[in-house]
Amino acid sequence: MKYVALRVLEILRSRSGYVSGSEIAKELGLSRSTINKIVNELRRVGYVIETHPRLGYRLLDVDDLSLAPQYPPIVEGRRISIHYLERCGSTQDVADSLAREGAPEGTIVVAEELTNARGRLSRKWFAPRGGLWLTVVLRPRFVEYLHALSLAVGVAISKALESLLGVETRLKWPNDVLLNGRKLGGVLIEARAEADRVDYVLVGIGINVNNDLPPEVERVATTLSKELGRRVPRVPLLRAVIRSLFDEYDRILRGRVSDVVRDWKERSATIGRRVRVRLVDGSVIEGSAVDVDSVGRLVVESQGVRHVVDAGDVEHVG
Ligand code: BT5
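What you see is a predicted model; the values in this text were computed from it and never measured.

Notes on the side chain of N211
Phase 1: One can find N211 in the loop between β9 (197–207) and α6 (224–228).
Phase 2: On the basis of relative accessibility, which here comes to 4%, the residue N211 falls in the buried class.
Phase 3: At a separation of 2.7 Å, a polar atom in the side chain of N211 contacts the main-chain amide nitrogen of V209.
Phase 4: Aside from chain neighbours lying at most four places away, what touches N211 is P128, R129, G130, G131, W133 and T223.

Laid out in structure tokens, this is it:
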């Protein structure tokens, strides 16, 4: 984020109430209209900033997810509607019912707590109170987009965390989000498709934020609050993630898959590592992860043979 934007944030943070645009302008030696532009940019990034015609601006650290529908993210040219639930089995199932009934692209289900959350291959996902658990309904037209979409979601989460919190994450193929070597978040993509036509895609995102972690994953996982040493308000984070997701999705729709792959590679924790890959048919390849190709497949070199992996489960072993 630009230096002046950080200064504006600092000033907003230092007050509990409103601060006028002219006061910020004076303090930074900038015009009021510049301040207004910066505030709008901060809003786009995800920050919740209220405006009062006389009093000015006020930054809100909203953590209560039940308020999320009141603060939809700013995504140009799209209508985003957020459905909040206190508790459900899986947001994927709730979103699936909505999508089946015709819910449009941009429908989002977010819940405080999931009692039956799932990861890929029906693995269990822990989703206690305090985390960020959501499903986004997308309606891309072609199946070819699905592959790139998987990488794009990881890139989107990583960029959102960077622009909002200044946190640098790495991506494990295809889309685990790692912070300081531990799993901070995961992505589950489920699609309903017929032949080459996609009816809808459910993008499930789980990010550990202020939640506790159960002993089963404590050693391999982490949370934002643990790493940053403070609680992180979740509504700005939700807005940042959704906005970033649509940015990356739009790039795919415009045919710029290679840009998404390039951004993924810049954040890769997998390329250059020794990996053990379990393929969908159950077979295992162990070798060096040498690249991710132009459509997002993992290239593994094992005993002089190059394998191009479409889908599978990767373990870093060295
Ligand atoms: C994933 O699966 O990483 C995808 C997780 C997606 C969860 C979201 S939450 C919102 C939406 N609704 C759902 O029902 N699901 C999605 P996978 O790559 O298969 O990783 C699963 C593995 O991660 C488990 O076997 C555990 O080892 C580990 N794990 C489980 N809970 C975790 C947590 N909270 N944080 C980090 N690791 C966890």
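From this point, the discussion proceeds with the structure in view.
Observations concerning the pairing of strand β1 (residues 48–52)
Consecutive residues of a regular strand have side chains that alternate between opposite faces of the sheet.
Phase 1: Note that β1 and strand β2 (residues 56–60) share five bridges and pair antiparallel. Bridge assignment links I49 to a residue of β2, and that residue is L59.
Phase 2: The antiparallel pairing of β1 with β2 creates a hairpin that spans three residues between the two strands.

So, the environment of E144
Phase 1: The topology assignment puts E144 in the loop between β5 (132–138) and α5 (145–165).
Phase 2: E144 sits in the exposed class, given a relative accessible area of 59%.
Phase 3: Placed 52 residues apart in sequence, E144 and D196 show a C-alpha to C-alpha distance of 8.3 Å.

A few points about the layout of surface pockets
The rolling of a water-molecule-sized probe over the atoms marks out the regions of remaining empty space.
Phase 1: Reported here for the largest pocket is a volume of approximately 840 Å³.
Phase 2: In this structure, the largest pocket is lined by 41 residues; those nearest its centre are R123, W125, D176, K183 and G186.
Phase 3: Elements represented by at least two residues in the lining of the largest pocket include exactly α4 (91–100), β5, β7 (176–179), β8 (182–194), β9 and β14 (312–316).
Phase 4: Residue contributions to the lining of the largest pocket peak at five residues, all from β8.
Phase 5: Here the lining of the largest pocket is composed, by residue class, of 17 nonpolar, twelve polar and twelve charged.

Things to note about the domain arrangement of the protein chain
Phase 1: What the domain assignment lists for the protein chain is domain 1 (3–60), domain 2 (65–266) and domain 3 (274–316).
Phase 2: Centre-to-centre, using C-alpha coordinates, domain 2 lies 24 Å away from domain 3.
Phase 3: Taken together, the eleven residues of domain 2 in the interface contact 16 residues of domain 3.
Phase 4: Here domain 2 meets domain 3 over a buried area of about 1100 Å², counting both sides, of which 58% is carbon and sulfur.
Phase 5: Of all residues in domain 2, the largest losses of buried area upon contact with domain 3 belong to H147, K172 and W173, amounting jointly to 55% of the total for that side.
Phase 6: A salt bridge links R120 to D313; the nearest nitrogen and oxygen atoms lie 3.0 Å apart.
Phase 7: Our count for the contact surface shared by domain 2 and domain 3 stands at seven residue pairs in polar contact (both at pLDDT 80 or more).

Criteria and cut-off values
- Residues numbered from 1 in each chain as written.
- Predicted model: local features only at pLDDT ≥ 70, side-chain atom pairs only at ≥ 80, totals over all residues.
- Heavy atoms only, no water.
- Helix = DSSP H or I, 4+ residues; strand = E, 2+ residues; numbered from the N terminus.
- Buried < 20%, exposed > 50% of the residue type's maximum accessible area, 1.4 Å probe, protein only.
- Polar contact = N/O pair within 3.5 Å; in protein donor to acceptor, adjacent residues only side chain to side chain.
- Contact = heavy atoms within 4.5 Å.
- Pairing = 2+ DSSP bridges.
- 1 Å grid on protein atoms, 1.4 Å probe; cavity = no way out; pocket = protein on both sides within 12 Å on 5 of 7 lines; lining within 4 Å.
- Points joined across faces, edges and corners; volume = space filled by probe spheres on them.
- Nonpolar A, V, L, I, M, F, W, Y, C, P; charged D, E, K, R; others polar.
- Domains from an automatic or database assignment.
- Buried area = accessible area lost by both parts, 1.4 Å probe.
- Salt bridge = Lys/Arg side-chain N within 4 Å of Asp/Glu carboxyl O.

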